[in-house]
Amino acid sequence: MMWINLIGLVVIGLIVWWFWLYQTKSTEVRDGSIEVRVKDGVYQPANITVPANESVQLMFYREDATPCAETLLIPELEISETLVLNQRVMVTIPPQKAGRYPFHCQMQMYRGTLVIK
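Owing to the predicted nature of the structure, the values given are computational and were not obtained by experimental measurement.

Observations concerning unusual backbone geometry
Cis geometry marks the peptide bond from Q44 to P45; its omega dihedral reads 0°. Here P45 lies in the loop between strand 3 (42–44) and strand 4 (47–50). Here the phi dihedral of Q108 falls at roughly 60°; this positive angle occurs in a residue that is not glycine. Residue position: Q108 is located in the loop between strand 9 (99–104) and strand 10 (111–116).

Shown next, in the form of structure tokens:
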């Protein structure tokens, strides 16, 4: 009986780590474009910094076949894109003022942040 409780605590700990504590890689866009891989339950990189008032190209390459990975949403920028499995999908971010813009799948399991400076 104690093993079941211990396993339950480990699973809870993994869930907390994955959804709230896990720090994803960050990158800064310098040449106007970047490739973002969608695999293993995350966007890689998930934190992207881009210059303000410039158009930026985000190239998403979806390797994860789960249905949740199929849709990319950037609600504050009114962007919604379907990410086709094993194909590159270009998402153009028009010139924006500085701010933080979260992006995610439709269930918000895949999450990232677009930081415009």
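Here's the deal with the nonpolar core
Within the largest apolar cluster, 27 residues are counted, with the highest numbers of intra-cluster contacts made by Y43, I48, L58, F60, I93, F103 and L114. Of all the secondary structure elements, the ones that give two or more residues to this core are strand 2 (33–39), strand 4, strand 5 (56–62), strand 6 (71–74), strand 8 (88–93), strand 9 and strand 10. Not counting the four nearest positions on each side in its chain, L114 is found in contact with I48, V50, L58, L77, I93, G99, R100, Y101 and F103.

Describing the sheet that holds strand 2
The strand order across the open sheet formed by four strands is 3-2-5-8, and the pairing between neighbours is mixed. Edge positions in the open sheet fall to strand 3 and strand 8, since each of these has one partner strand only. For this sheet the average axis-to-axis angle between neighbouring strands, irrespective of direction, equals 25°.

Things to note about the environment of E63
Tracing the sequence through the fold places E63 in the loop between strand 5 and strand 6. Between the C-alpha atoms of E63 and L85, which are 22 residues apart in sequence, the distance is 6.0 Å. Sequence-distant contacts of E63, defined by excluding residues within four places in its chain, comprise R37, V38, K39, L85 and N86.

Here we look at the pairing of strand 4
Residues N47 and T49 of strand 4 are buried on one face, and the alternating residues I48 and V50, pointing to the opposite face, are buried as well. Relative to strand 10, strand 4 runs parallel, the two being bridged by four bridges. Bridging from a neighbouring strand, N47 pairs with T113 of strand 10.

As for the side chain of T71
Tracing the sequence through the fold places T71 in strand 6. Within the local environment of T71, its side chain forms a polar contact with the side chain of Q106, the two groups lying 3.4 Å apart. Residues contacting T71, with those up to four places away along its chain left out, are Y43, S80, E81, H104, C105 and Q106.

Remarks on the pattern of salt bridges
Going through the model one piece at a time under the given rule, you end up with three salt bridges. Residues R37 and E35 are paired through a salt bridge, measuring 3.2 Å at the closest nitrogen-oxygen approach. Take E35: its relative accessible area is 27%, and that puts it in the partly exposed class. Taken together, the shared-partner salt bridges connect E35, R37, E63 and R88 into one network.

Procedures and definitions
Here the residue numbering is sequential within each chain, running from 1 through the sequence in written order. For this predicted model, a pLDDT threshold of at least 70 governs which residues receive local features, and a threshold of 80 or more governs which side-chain atom pairs are given and counted, while totals over whole chains, interfaces and linings are taken from all residues. Water and hydrogen atoms play no part in the side-chain values, which are based on all heavy atoms of the structure. Secondary structure follows DSSP: runs of H or I at least 4 residues long count as helices, runs of E at least 2 residues long count as strands, and numbering of each begins at the N terminus. Throughout, nonpolar core names a set of buried Ala, Val, Leu, Ile, Met, Phe, Trp, Tyr and Cys residues whose side chains join them through atoms within 4.5 Å. When a residue's accessible area, from a 1.4 Å probe over protein chains only, is under 20% of the maximum for its type it is buried; when over 50% it is exposed; and in between it is partly exposed. It only takes one pair of heavy atoms within 4.5 Å for two residues to be counted as in contact. A pair of strands is treated as paired once DSSP finds two or more bridges between them. Only the stretch in contact is used when a helix axis is fitted, and all axes are lines through C-alpha atoms; the angle between N-to-C directions ranges over 0 to 180 degrees. Any pair of N or O atoms that falls within 3.5 Å is considered a polar contact. Within protein, one atom must be able to donate a hydrogen and the other to accept it, and sequence-neighbouring residues count only if both atoms are side-chain atoms. Salt bridges are counted wherever a side-chain nitrogen of Lys or Arg sits within 4 Å of a carboxyl oxygen of Asp or Glu.

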